[in-house]
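Below are the chains, spelled out letter by letter.
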Amino acid sequence: MASTCRTKAAKVWLWRWRRNPLRRHSDRVEAWIVLVTWVFVLQVGVLAGLATAASVEGGLAEQRAGSRAIPAELTEDAAKTALTRTSGFSGDDKVWGTVRWTAADGTAHTGRTRVEPGSAAGATVTVWTDDKGRLVAKPATASQARLRAVFTGVLAGLGGGVAVLVCGRLVRVGLDRRRVEQWDAEWERIGPKWSRTTG
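Since the structure is predicted, the reported quantities are computational estimates derived from the model, not experimental observations.

Next up on the list: the nonpolar core. Ile70, Ala72, Leu74, Ala78, Val95, Val99, Trp101, Val115, Val125 and Val127 together form the largest nonpolar core, which totals 10 residues. Contributing elements (two or more residues each) for this core: β1 (68-74), β2 (95-102) and β4 (124-129). Filtering out sequence-adjacent residues up to four positions away, valine 127 remains in contact with Arg68, Ala69, Ile70, Ala72, Val99, Thr113 and Leu135.

Before going further, it helps to spend a moment on the pattern of salt bridges. If you walk through the whole model with that rule in mind, you get nine salt bridges. As a salt-bridge pair, arginine 100 and glutamate 73 come within 3.7 Å of each other at their nearest N and O atoms. Of the two residues, arginine 100 sits in strand β2 while glutamate 73 sits in strand β1, which places them 27 residues apart along the sequence. Overlapping salt bridges, with partners in common, bring together Glu30, Arg172, Asp176 and Arg179 in one network.

Turning our eyes to something else, we now look at the sheet that holds β1. Pairing between sheet strands relies on hydrogen bonds along the backbone, with the strands arranged either parallel or antiparallel. Strand order in the open sheet made by the five strands is β3-β2-β1-β4-β5, with antiparallel pairing throughout. The outermost strands of the open sheet, each flanked by one partner alone, are β3 (108-115) and β5 (135-136).

Cut-offs used in this document
Residues numbered from 1 in each chain as written. Predicted model: local features only at pLDDT ≥ 70, side-chain atom pairs only at ≥ 80, totals over all residues. Heavy atoms only, no water. Core = buried A, V, L, I, M, F, W, Y, C linked by side-chain atoms within 4.5 Å. Buried < 20%, exposed > 50% of the residue type's maximum accessible area, 1.4 Å probe, protein only. Helix = DSSP H or I, 4+ residues; strand = E, 2+ residues; numbered from the N terminus. Contact = heavy atoms within 4.5 Å. Salt bridge = Lys/Arg side-chain N within 4 Å of Asp/Glu carboxyl O. Pairing = 2+ DSSP bridges.

As structure tokens, then:
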């Protein structure tokens, strides 16, 4: 049963390539368009996915290399509970608090970051800064960066493949339109003779 289904599927897919006295030139052109479209779908999908994944992973690695964790001091008591529960993947219930820290060049900075609820003023918290001492988000770990890169690469690959598939379909629509115009012209030439013969 399974081999019969596979044989039928192969026949359906290869019908454009079979020898047939009724096969027109446009059918051969369409067969080549389909083949070239699928080759480009695979190539563009794979290349776009790999390039995007490498770019995302490289960008996150640069962000990780340019960030550093430093201790900061909470300048005021943090709220005991968050006013609204944050919706997201982090799943934490941290609150905003004002902190003070010293950058690598010795300059003092203040800013707001997420801290544990109920933290008292003077508590030490860890913040992430860039090379200029400005607060930045905690960088993704290597495994998180790899996961994001793979996910983004898959999406980019699918997007690139679909774009090529749409372009191939548009070319085939143009070919079908031209084929219908040829049929109409042929029928205008043959139709009157046919009606006289059958009438």
